[in-house]
Amino acid sequence: MTITADEVAVPARRTGVRIEARNVRRAYGRKTAVRDVSFVLGAGERVGIVGESGSGKSTMAKIVTGLERPSDGTVTVDGQDLASLMATRAGQLEYRRRVQLVAQDTTSTFDPRHRIRESLRVPAQILGGHDRAGADQAVGQITAELGIDPSWVDRYPGELSGGQRQRMSIARALIVRPDLLVCDEAVSALDVSVQGVVLNLLKRYSEDHGAGLMFVSHGLPATAFVTRELVVMNGGEVVESGRTLEVLEHPKHPYTQKLVDAHQAVEEDAAS
Ligand SMILES: Nc1ncnc2c1ncn2[C@@H]1O[C@H](COP(=O)(O)OP(=O)(O)O)[C@@H](O)[C@H]1O
Ligand SMILES: [Mg+2]
């Protein structure tokens, strides 16, 4: 019996992208947002970045997605320097195709002059490789997966609530089918029940496509649910990192312990 190439051919499967941040510092004028931050985001790995407000999480999310450049230190993508990749238009497009950001501030994600449908269709065509009809189909599919009311896509961004816009912004990132999704407080404006739907979807997307997830959040339960690795930041520095459950169950650093305690106090309050 002969086996033809068709029979053994494995369907094209996306692979995650490996990102390494080494000794990254970022200053805004005199203000140092992050200093000496190093971590590895393994290909297809799901990594949480937690810490209080002001600890430098969003700055790292922007640096990893190439929106901001480090003042010092390097970020490499599958071993290649991110700054040199972003130096060409082709490199930028390729990186946008592979790595998508769900920004903390969703007001800047959508052009107020366009209906949401347009803001989803364009990246589906330019980055996702769909033709016009395929893009429309992809819009229908991704919004359905996220439990979005189909009529919302015909609205303008200003006509949506913060939570609705947040879900749309996740749809806009996922429609590209990225190898790495960077979520910056991407579920913070959602009701708990909707959060569950979205978190399940993010996890499933990562598992089904071998895609990585960088999940930036100040919510420990959500982060524990979707990630396997955790990086704890405080005052612009990494204070602890490791397997998510290990770090949360046996915190080594006093700051991590404080975060865990603060969360438990809130839970007990809610329960009483
Ligand atoms: N564009 C900016 N200009 C000046 N300071 C900034 C800017 N972006 C962030 N910072 C400062 O850097 C620190 C870290 O901010 P950020 O990365 O947004 O933290 P987080 O997302 O953890 O809340 C904060 O003190 C913040 O005020
Ligand atoms: Mg932030």
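Residues numbered from 1 in each chain as written. Chains lettered and ligands numbered in written order. Predicted model: local features only at pLDDT ≥ 70, side-chain atom pairs only at ≥ 80, totals over all residues. Heavy atoms only, no water.

Tell me about the nonpolar core, and name the residues and values.
The biggest cluster of nonpolar side chains holds 38 residues, and the ones touching the most others in it are Met168, Leu202 and Phe215. Those elements that place two or more of their residues in this core are helix H5 (116-126), helix H6 (132-145), helix H7 (162-174), strand E7 (180-184), helix H8 (192-209), strand E8 (212-217) and helix H9 (220-226). Per-element accounting of this core gives the leading share, six residues, to H8. With sequence-adjacent residues up to four places away left out, Leu202 is seen in contact with Ile170, Leu174, Leu181, Cys183, Leu213 and Phe215. Counting 27 residues, the second largest nonpolar core, distinct from the first, contains Ala21, Val34, Ala61 and Tyr95. (Core = buried A, V, L, I, M, F, W, Y, C linked by side-chain atoms within 4.5 Å. Buried < 20%, exposed > 50% of the residue type's maximum accessible area, 1.4 Å probe, protein only. Helix = DSSP H or I, 4+ residues; strand = E, 2+ residues; numbered from the N terminus. Contact = heavy atoms within 4.5 Å.)

Lay out the site of ligand 1 with the relevant residues and their values.
Around ligand 1, the neighbouring residues are Tyr28, Lys31, Ala33, Glu52, Ser53, Gly54, Ser55, Gly56, Lys57, Ser58 and Thr59. Note that an oxygen atom of ligand 1 is positioned 3.1 Å from one of the backbone N or O atoms of Gly56. For ligand 1, the accessible surface in isolation is 560 Å², of which the surrounding protein chains cover 64%. With three residues, the single largest contributor to the shell around ligand 1 is helix H2 (residues 57-64). (Near = heavy atom within 4 Å. Polar contact = N/O pair within 3.5 Å; in protein donor to acceptor, adjacent residues only side chain to side chain. Areas by Shrake-Rupley, 256 points an atom, 1.4 Å probe, with all protein chains shown as cover.)

Would you mind going over the coordination of the magnesium ion (ligand 2) in detail, with residue names and values included?
Looking at the magnesium ion (ligand 2), one finds its protein donor set to be Ser58 (OG) and Gln104 (OE1), positioned 2.1 to 2.3 Å from the metal centre. In this pair, Ser58 sits in helix H2 while Gln104 sits in the loop between strand E6 (99-102) and H5, placing the two residues 46 residues apart along the sequence. Relative accessible area serves as the criterion here: at 44%, Gln104 is assigned to the partly exposed category. (Donors = N, O, S within 2.8 Å, 3.2 Å for Na, K, Ca; no water.)

Explain unusual backbone geometry residue by residue, including any values.
A positive phi angle is found at Asp36, which is not glycine, with a value near 50°. Among the secondary structure elements, Asp36 is positioned in strand E2 (residues 31-41).

Requested: an account of the side chain of Arg46, with residues and values cited.
Its location among the elements puts Arg46 in strand E3 (residues 46-50). Look at Arg46 and you get buried, because its relative accessible area is 7%. Only 3.0 Å separates the side chain of Arg46 from the side chain of Ser206, close enough to count as a polar contact. Among residues more than four places away in sequence, those in contact with Arg46 are Lys203, Ser206, Glu207, Leu213, Val226, Thr227, Arg228 and Glu229.

Now, about the sheet that holds E7: what can you tell me, with residues and values included?
Taken in spatial order, the six strands of this open sheet run E6-E7-E8-E3-E9-E10, and their pairing is mixed. With partners counted over all chains shown, the strands left at the sheet margins are E6 and strand E10 (237-243), one partner each. Averaged over all adjacent pairs, the angle separating strand axes in this sheet is 15°, with direction ignored. When E3 meets strand E9 (residues 229-234), the two strands line up parallel, connected through four bridges. Bridged to Ile49 within E9 is Val231. Strands in contact with helix H4 (residues 89-98) are E6 and E7; relative to E6, the strand with the most contacts, it is inclined by about 65°. Its contacts with the sheet put H7 on E6 and E7, and the angle it makes with E6 is roughly 175°. (Pairing = 2+ DSSP bridges. Axes fitted to C-alpha atoms, helices over the stretch in contact; angles between N-to-C directions.)

Kindly report on the packing of aromatic side chains, identifying the contributing residues and their values.
Applying the stated criterion across every chain yields a total of zero aromatic pairs. Sitting over the face of the ring of Phe225, Lys203 holds its NZ or CZ atom 4.2 Å from the ring centroid. (Phe/Tyr/Trp six-rings, centres within 6.5 Å; stacked < 30°, edge-to-face > 60°. Lys NZ or Arg CZ within 6 Å of the ring centre and 35° of its normal.)

Explain the sheet that holds strand E4 (residues 72-77) to me, using residue names and the numbers behind them.
One open sheet accounts for four strands, arranged E2-E1-E4-E5; its pairing is antiparallel. Whereas interior strands pair on both sides, the edge strands pair on one side only; in this sheet they are E2 and strand E5 (80-81). As paired strands, strand E1 (residues 19-28) and E4 are joined by five bridges and run antiparallel to one another. When the bridges of E4 are listed, Arg22 appears paired with Thr74. Relative to E1, H2 is tilted by about 120°, and along the sheet it contacts E1, E2 and E4.

Function-wise, these values are silent; they only describe arrangement.
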